[in-house]
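# Residue-level structural notes
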Amino acid sequence: MTAPPRRARTAPKTAIAEDELPSFLQLSSESEEEKDEEEWEPRKKAVSKARVPKPKVPRVRKTATTQKKPTVARKRTKKATSLPIMDPGRNEGELQLQQPKEEKEWKPRSSPKNLPKKTNSIPPGHPACNLGSIGGPSTSTAASEQQVKSEAPEEDFAFDEPPLKKIKSATCPQGNPIKYAASAKSDEECKMNWDIVQVLSQRTGIEEWVCANIIRLFNDDNTIPFIARYRKELINNLEADALREVQQTLEELYSVAKKVHGSIQKLKKEGKLTGSLLTALLNCKTLEELDHVYAPYKTGSKGTKAQRARQLGLEPAANLLIENPRELNLFSYVKADVEGLSTIEDVRSGVQHILADMIAKDRETLDFIRDLCQRKYICIQSSLAKGTAQKANEKDVNKFHLYQNFSCNIRNIQHHQILAINRGENLKILTVKVNVPDQVKNEFSRWCVNKRWRPKAYAKPELMELLRDSVDDSYKRLIYPLLCREFRSKLTSDAEKESVMMFGRNLRQLLLTSPVRGRTLMGVDPGYKHGCKLAIVSPTSQILHTDIVYLHSGRGFHEAQKIRKLLLDYNCGTVVIGNGTACRETEAYFADLIMKKYFAPLDVTYCITNEAGASIYSVSPEACKEMPDLDPNLRSAVSIARRVQDPLAELVKIEPKHIGVGMYQHDVSQTLLKATLDSVVEECVSFVGVDINICSEILLRHIAGLNANRAKNIIEWREKNGPFINREQIKDVKGLGPKSYQQCAGFIRVNQEYIRTFCSELAAGSQKGATNEKQGKKKNKSAANVTWQPNPLDQTCIHPESYNTAMRFLTHIGGNPSEIGKPEMRQKVDAVVEREGMEGIAKRLNTIGQTLQIIIDGLTQPEGFDIRKDFDKPDFKRSIVCLEDLSIGTVLTGRVENATLFGVFVDIGVGRAGLIPIRSITEDKLSKAKKRKSLGLGPGEKVEVRVHEINIPQSRITLDLIRVL
């Protein structure tokens, strides 16, 4: 029986020559500037023919995409339309967006950056957003050819329409885009022995064509909100949470590739890089694998046993044992005067170490053992560390009583359990180990000896014994520790990711809590010794009055008179109490007065709100700038009231991690936590949208495509030149380039009623100034401002790149821009959609269903539409319930206070949150919308629960979820 073919295992003894290395690994003496120039040189791109139907598919010409030349506008032919190719000439080997192509009717769209841009019927210099006397479709491509030539940017302000919908073909019967063979970036940071698209798809469970598109979109500096809303067809309608998960995984893979190539360059400089080592490094997919391969070559390392054996010249013996054992004579390597070769046992040991090293770094061998472990019972065990009782606090030890004798299959263990075990191990309270059964070792050893590493010719019994010992040594000393590190690392990584995603979902629910408009509120920051801070805030968030009352120091009746007078003076019927220290006592105080009708004739109600981060904000530079004359203690009361008026606008002022979005926040990667929470804030602010003429600088910072400097420049432009008439004017802001404009334009609103009033006043002022003798710069400036005309589409969620399609849709339904957001527009849209269907309309307009849906939403949503109206408002109460009033089986309604990996905490109004265990939250109890992962139970949601268990001494309440209200 012959052994299966296997690759040669002979490796050169010395470092490989530079000219033998791949070109991307050869060291270069070029300067950084020269390298940068080379990266942007025109490069030829190959288009894969995989899965392409017989009819020829149009291709994008090289001259329009790869040469770094000024973009010149071209006229569109009647049959031309858009396809989603974005910046194909950015880097050599970059991934092309996966897209559908249809013969005859369609032609590839131009790139938003370098491809020729389309023109429209509006002549150069004409206001691009003038819909007052519309003669042709408005678009954002009104920049003249001369402007483009003078600027010559890599990105252009012009945007084409979104890509066409998926088409059905022989290769894609379900209508999925044609899947071109996508390759990883050819940069030296990413070129590995594995394909980044395939690995990303395997780790995230998302189709390869979607992963390829996402990689390219991220490489083109697109933001998650922009991709999730305006590039849905390229990502198969993934939600923002899924995009964040892909982005995190992608960054991990890039990090591994970058570190691998850094290690390769370092080893090459030191002359230690061999062919086998290079292959092993390029095979690494995780940091644990890289550490496993590279550890012996780190600076200061004494070297491994295998390295020392190779230095003694025993590697040929190890290779002979596998390749031609008949010629191997171990006695010929014995040298009495050389340490390590003086006896046959020394030689045998050295060969064993080399073979063990070869086995432990072989890709096929590692893949086999990993696959074997997937099919076997591998468990993680934790126990109380020796000597813990004397060293650690008994209270701390008791926190981990569940894990002092714990064992669980690694496939079944919960994420919160991993985080708890890791915390106990870090505190040296617990000892943790991974238990791999002996069955795995035995099966692995048989496979290695009989298949993978079986000698190619007859080997003597003593040599076969040496091979078996080598396999056992490799498993025990090298492979088993690697497996343990990989298991622990993956469990921790998965737990951290899931926890961070949970924190992100909680934060989203808090930020999107429906605002309470039109009420004057009294914010109360509870306290004992230093009193309760009060702040009365107007419906427009103006501070009307601040004070301090001492409710819990025997002066309750006297202070009640002061509170009553304030409520009556300002006609304030709503009290907002922070949930911090003395919250329960303050709530009882107000509930008692309300029950006694003390505030009559006012019908006063109160609510409890999360005050996490209010104290931190009160002493921040932003608070000092916003409320310079107010005591920091009173600022927190103002913040508490404003959190109910407009949660989003107030919470963005606080660093997300201080808002209090979950447990185990300190047990996860702080870098990952910050990046995710910041991304969620950006997503929420962008999807809600901001009115650019009244929003604060802090809100603007969190719009997709903007940052602190750009937001500051927008505010300065607004103060200097007056309000923005339309979205086109955003291009004039200093530091806001074409890419930034593309990303932010769809999330910025321009209130049309306000602009019409402003334009009327400005026009009247200009006419009056024309008769004035003093004519100069002022007149010219006013005249220049008048040339900008309002665009009704600027108040919608429709992106400027789709204005052309939106106007054609309006013409098709017989609508008028002045009807946007009115009931008659809804009637016209519904009639046409019912008659022709979404697909028929999209085909008529040469667009895709996703873009058409955004256009319909933008045209039919009423002016001032807020997506937060679908989220719940705070509960306003008049009375209080005590823990002692509860009984098992009582059915209550409550608000979700916090969501964790093991359950959901619900505020049922008794001063102590009850816990719904995760096992009680099943799909049949969730509404259809909540079954989606990103919309699971989160803070602010209203639920109906049944009391399952009450533990009064420990103040614990266990609840069963009945349904989500």
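Residues numbered from 1 in each chain as written. Predicted model: local features only at pLDDT ≥ 70, side-chain atom pairs only at ≥ 80, totals over all residues. Heavy atoms only, no water.

### Details of helix H31 (residues 803-813)
Note the cut-off: Under the scheme applied here, a residue whose accessible area is under 20% of the maximum for its type counts as buried, over 50% as exposed, and between as partly exposed, the area being computed with a 1.4 Å probe on protein chains only. Secondary structure elements are taken from DSSP: a helix is a run of H or I of four residues or more, a strand is a run of E of two residues or more, and numbering for both begins at the N terminus. Pairs of residues are marked as contacts when any of their non-hydrogen atoms sit within 4.5 Å.
By the criterion of burial, H31 is predominantly enclosed, with eight of the 11 residues buried. For H31, the complete set of buried residues consists of Tyr 803, Asn 804, Thr 805, Ala 806, Met 807, Phe 809, Leu 810 and Ile 813. Against the buried residues of H31 lie helix H32 (823-844) and helix H33 (849-860). Two residues or fewer after H31 comes Gly 814, characterised by a positive phi angle close to 75 degrees.

### Overview of the sheet that holds strand E8 (residues 605-609)
Cut-off, in case you're wondering: At least two bridges found by DSSP between two strands are what make those strands a pair. Axes here refer to lines fitted to C-alpha atoms; in helices the fit is confined to the stretch in contact. Angles between the N-to-C directions go from 0 to 180 degrees.
Judged by pairing direction, the sheet is mixed, and its five strands sit side by side in the order E6-E5-E4-E7-E8 without closing on themselves. Here the strands that pair on one side only, and so sit at the sheet edges, are strand E6 (543-549) and E8. Direction aside, neighbouring strands of the sheet carry axes that sit 20 degrees apart on average. Set on the sheet, helix H23 (residues 632-645) makes contact with strand E4 (521-525), strand E5 (532-537), E6, strand E7 (574-578) and E8; between it and E5 the angle comes to about 50 degrees.

### Focus on unusual backbone geometry
Going from Ala 600 to Pro 601, the amide bond is cis rather than trans, its omega being 10 degrees. Looking at the element boundaries, Pro 601 is found in the loop between helix H20 (583-595) and E8. Of note in the backbone geometry, Asn 236 takes a positive phi value of approximately 60 degrees without being a glycine. Backbone geometry places Asn 237, a non-glycine residue, at a positive phi of 60 degrees. Within the secondary structure, Asn 237 is located in the loop between helix H6 (224-230) and helix H7 (240-270). Overall, the relative accessible area of 43% leaves Asn 237 in the partly exposed class.

### Some remarks on the nonpolar core
The criterion, for reference: Among buried residues, the Ala, Val, Leu, Ile, Met, Phe, Trp, Tyr and Cys ones that are joined through side-chain atoms within 4.5 Å form a nonpolar core.
With 194 residues, the main nonpolar core has Val 260, Leu 281, Val 351, Ile 369 and Phe 444 as its most contacted residues. Broken down by element, the residue count for this core peaks at 20 residues, all from helix H18 (residues 461-511). If we ignore the near neighbours within four places in the chain, the residues touching Leu 281 are Met 192, Val 260, Ile 264, Leu 267, Leu 273, Leu 290 and Val 293. Residues Cys 532, Leu 534, Leu 551 and Ala 560 belong to the second largest nonpolar core, which totals 24 residues.

### Topic: the pairing of strand E12 (residues 903-907)
Note that strand E11 (residues 891-899) and E12 share four bridges and pair antiparallel. Counterpart to Arg 895 in the pairing with E12 is Asp 907. What sits between E11 and E12 in their antiparallel hairpin is a turn of three residues.

### Points about the packing of helix H4 (residues 196-204) against helix H5 (residues 208-219)
To keep it simple, the criterion reads: Orientation labels follow simple angle bins: below 35 degrees gives roughly parallel, above 145 gives roughly antiparallel, 65 to 115 gives roughly perpendicular, and whatever is left gives oblique. By the definition used in this description, the sense in which the near helix is turned from the far one sets the handedness, with an anticlockwise turn below a right angle giving left-handed and a clockwise turn giving right-handed. In this classification, Asp, Glu, Lys and Arg are treated as charged, Ala, Val, Leu, Ile, Met, Phe, Trp, Tyr, Cys and Pro as nonpolar, and every other residue, Gly included, as polar.
The contact between H4 and H5 brings their axes to 9 Å, and the two run at 115 degrees. Between H4 and H5, the crossing angle belongs to the class labelled roughly perpendicular. As for the relative orientation of H4 and H5, their crossing is right-handed in sense. On H5, the residues touching Ile 196, Val 197, Gln 198, Leu 200, Ser 201 and Thr 204 of H4 are Glu 208, Cys 211, Ala 212 and Ile 215. Looking at the contact of H4 with H5, its residues break down into six nonpolar, three polar and one charged.

### Side note on the confidence of the model for the protein
What counts, and what does not: A residue's pLDDT is simply how confident the predictor is in it, with values from 0 to 100.
When the pLDDT values of the protein are averaged, the result is 77; 74% of them are 70 or greater. In this model residues 1-96 is a low-confidence stretch, pLDDT under 50, and it forms 218 contacts with partners more than four residues away in sequence or in other chains. Confidence over residues 931-935 falls short of pLDDT 50; this stretch has 13 contacts with residues more than four positions distant or in other chains.

### Looking at the pairing of E8
To keep it simple, the criterion reads: Crossover handedness is defined by viewing with both strands directed away from the observer: a clockwise path from the first strand over the helix to the second marks the crossover as right-handed.
Counting buried residues along E8, four of its five residues qualify, which places the element largely inside the surrounding structure. Bridge count for E7 against E8 is five bridges, and the pairing is parallel. When the bridges of E8 are listed, Thr 574 appears paired with Thr 605. Taken together, E7, H20 and E8 constitute a β-α-β crossover, and its handedness is right-handed.

### So, the packing of H31 against H33
Relative to each other, H31 and H33 sit at 65 degrees, their axes nearing to 10 Å. In terms of their interaxial angle, H31 and H33 are classed as roughly perpendicular. When the axes of H31 and H33 are compared, the crossing they make is right-handed. Residue-level inspection shows Thr 805, Ala 806, Phe 809 and Leu 810 of H31 in contact with H33, the latter providing Leu 852, Ile 855, Ile 856 and Leu 859. Across the contact of H31 with H33, the residue classes break down as seven nonpolar, one polar and no charged.

### Topic: the environment of Ser 382
To keep things clear, this is the line we draw: We define a polar contact as two N or O atoms separated by no more than 3.5 Å, with the added condition that, inside protein, one atom must be a possible hydrogen donor and the other a possible acceptor, whereas residues neighbouring each other in sequence contribute only through side-chain atom pairs.
Counting through the fold element by element, Ser 382 comes out in strand E1 (residues 379-384). Ser 382 gets classed as buried once you look at its relative accessible area, which sits at 3%. Separated by 25 residues in sequence, Ser 382 and Ser 407 have C-alpha atoms that sit 6.6 Å apart. Contacts of Ser 382, omitting those with residues within four sequence positions, involve Tyr 403, Gln 404, Asn 405, Phe 406, Ile 421, Thr 431 and Val 432. A distance of 2.7 Å separates the side chain of Ser 382 from the backbone oxygen of Tyr 403, its partner in a polar contact.

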